[in-house]
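Coordinates in review
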Amino acid sequence: VYEGECFSFASMPGMFDRTLTINGFSKAYAMTGMRLGYVAAPQKLAKAVTTIQSQLTSCAGSISQAAGVAALTKVSDEELEQNVHIMKKKRDYVLGELEKIPGVKVAIPPSGAFYVLPDVAGYFGGDDTELCLQLLKRKNLAIVPGSSFGAPGTVRLSYATSMEELRTAMRKLAEFLEEERA
């Protein structure tokens, strides 16, 4: 979380026995693709989850499990805090650049993720998929249509890359959208 506090729902009065906390390693430990997660729950609920899970899949791959153990035992809290600071700086840069582009708005700035969903419905008649295809063809810049995430008229921009790459990407996006307005 970039600003403010994040609290556990289970910490609220009367909620511990009724709460499942589901999390993964993708965001905090930059382990996207490892597909490793966990659930913390009262024993009765955990048993029910285990019954369902055992019918859906056997277990996470051994490499993902080893990476998860390493993340929990070798990554310090200071490293995690430093990563949050770095990602906040990148988020703020992307939001600042998007603010400069006419017709682009961010309804809800990300508060802990490493992607943003700006509204680009004013371009290509609101067809976010066509916008992404044309951007790829004309500027060699790949972004993902928001409609893939249930948010038509938006695009998903990841800022989990270097500042140099972000500067290049945001310049290309701004140029592309400026050309569309002309």
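In what follows, the accompanying structure is described. Since the structure is predicted, the reported quantities are computational estimates derived from the model, not experimental observations. (Residues numbered from 1 in each chain as written. Predicted model: local features only at pLDDT ≥ 70, side-chain atom pairs only at ≥ 80, totals over all residues. Heavy atoms only, no water.)

1. Here's the deal with the overall build of the protein chain
A count of helical and extended segments in the protein chain gives five helices and five strands. Taken from the N to the C terminus, the helices and strands of the protein chain come in the order β-β-α-α-α-β-α-β-β-α. Summed over all atoms, the accessible surface of the protein chain reaches about 12,000 Å², with 56% contributed by carbon and sulfur. (Helix = DSSP H or I, 4+ residues; strand = E, 2+ residues; numbered from the N terminus. Areas by Shrake-Rupley, 256 points an atom, 1.4 Å probe, with all protein chains shown as cover.)

2. A closer look at the sheet that holds strand E4 (residues 144-145)
The strand order E3-E5-E4 describes an open sheet built from three strands, whose pairing is antiparallel. Edge strands, defined here as strands with exactly one partner in the open sheet, are strand E3 (115-116) and E4. In terms of strand pairing, E4 meets strand E5 (residues 155-158) through two bridges, oriented antiparallel. Across the sheet, residue Pro145 finds its bridge partner in E5, namely Val155. (Pairing = 2+ DSSP bridges.)

3. Focus on the environment of Ala67
Here Ala67 is to be found in helix H2 (residues 62-74). The spacing of Ala67 and Leu36 is 31 residues in sequence and 9.1 Å in space, taken between C-alpha atoms. Setting aside residues up to four positions removed in sequence, Ala67 forms contacts with Met31 and Met34. (Contact = heavy atoms within 4.5 Å.)

4. A closer look at the pairing of E5
Consecutive residues of a regular strand have side chains that alternate between opposite faces of the sheet. Burial along E5 is one-sided: the residues Val155 and Leu157 are buried and none of Arg156 and Ser158 is. Two elements, E3 and E5, share two bridges in a ladder whose sense is antiparallel. Within E5, the residue paired with Tyr115 across the bridge is Ser158. (Buried < 20%, exposed > 50% of the residue type's maximum accessible area, 1.4 Å probe, protein only.)

5. Considering H2
For H2, which comprises 13 residues, the first-to-last C-alpha distance of 18 Å matches the rise-based estimate of 18 Å (1.5 Å per residue) to within 8%. Looking only at H2, the buried set comprises Ser64, Gly68 and Ala71. Projected down its long axis, H2 carries its buried residues within an arc of 60°, all on one side. Along H2, exposed side chains directed more than 90 degrees from the buried face belong to Ser62, Ile63, Val69, Thr73 and Lys74. (Expected span 1.5 Å × (residues − 1). Arc of directions from axis to C-beta.)

6. Describing a nonpolar patch on the surface
A surface patch of nonpolar side chains, about 330 Å² in accessible area, is lined by Phe7, Phe9 and Met12. With respect to the helices and strands, the residue Met12 is situated in the segment before strand E1 (21-24). (Patch = residues over 30% accessible without salt bridge, like charges linked within 9 Å, V, L, I, M, F, W, Y side chains within 5 Å. Salt bridge = Lys/Arg side-chain N within 4 Å of Asp/Glu carboxyl O.)

7. Regarding the packing of helix H3 (residues 77-99) against helix H5 (residues 163-181)
Between H3 and H5, the shortest axis-to-axis distance is 10 Å and the interhelical angle comes to 15°. Here H3 lies roughly parallel to H5, going by the angle between them. For the pair H3 and H5, the sense of crossing is right-handed. Of the residues in H5, those touching H3 at Lys90, Tyr93, Val94, Glu97 and Leu98 are Met163, Leu166, Arg167, Met170 and Leu173. (Axes fitted to C-alpha atoms, helices over the stretch in contact; angles between N-to-C directions. Parallel < 35°, antiparallel > 145°, perpendicular 65-115°, else oblique. Left-handed = near helix turned anticlockwise from the far one by under 90°.)

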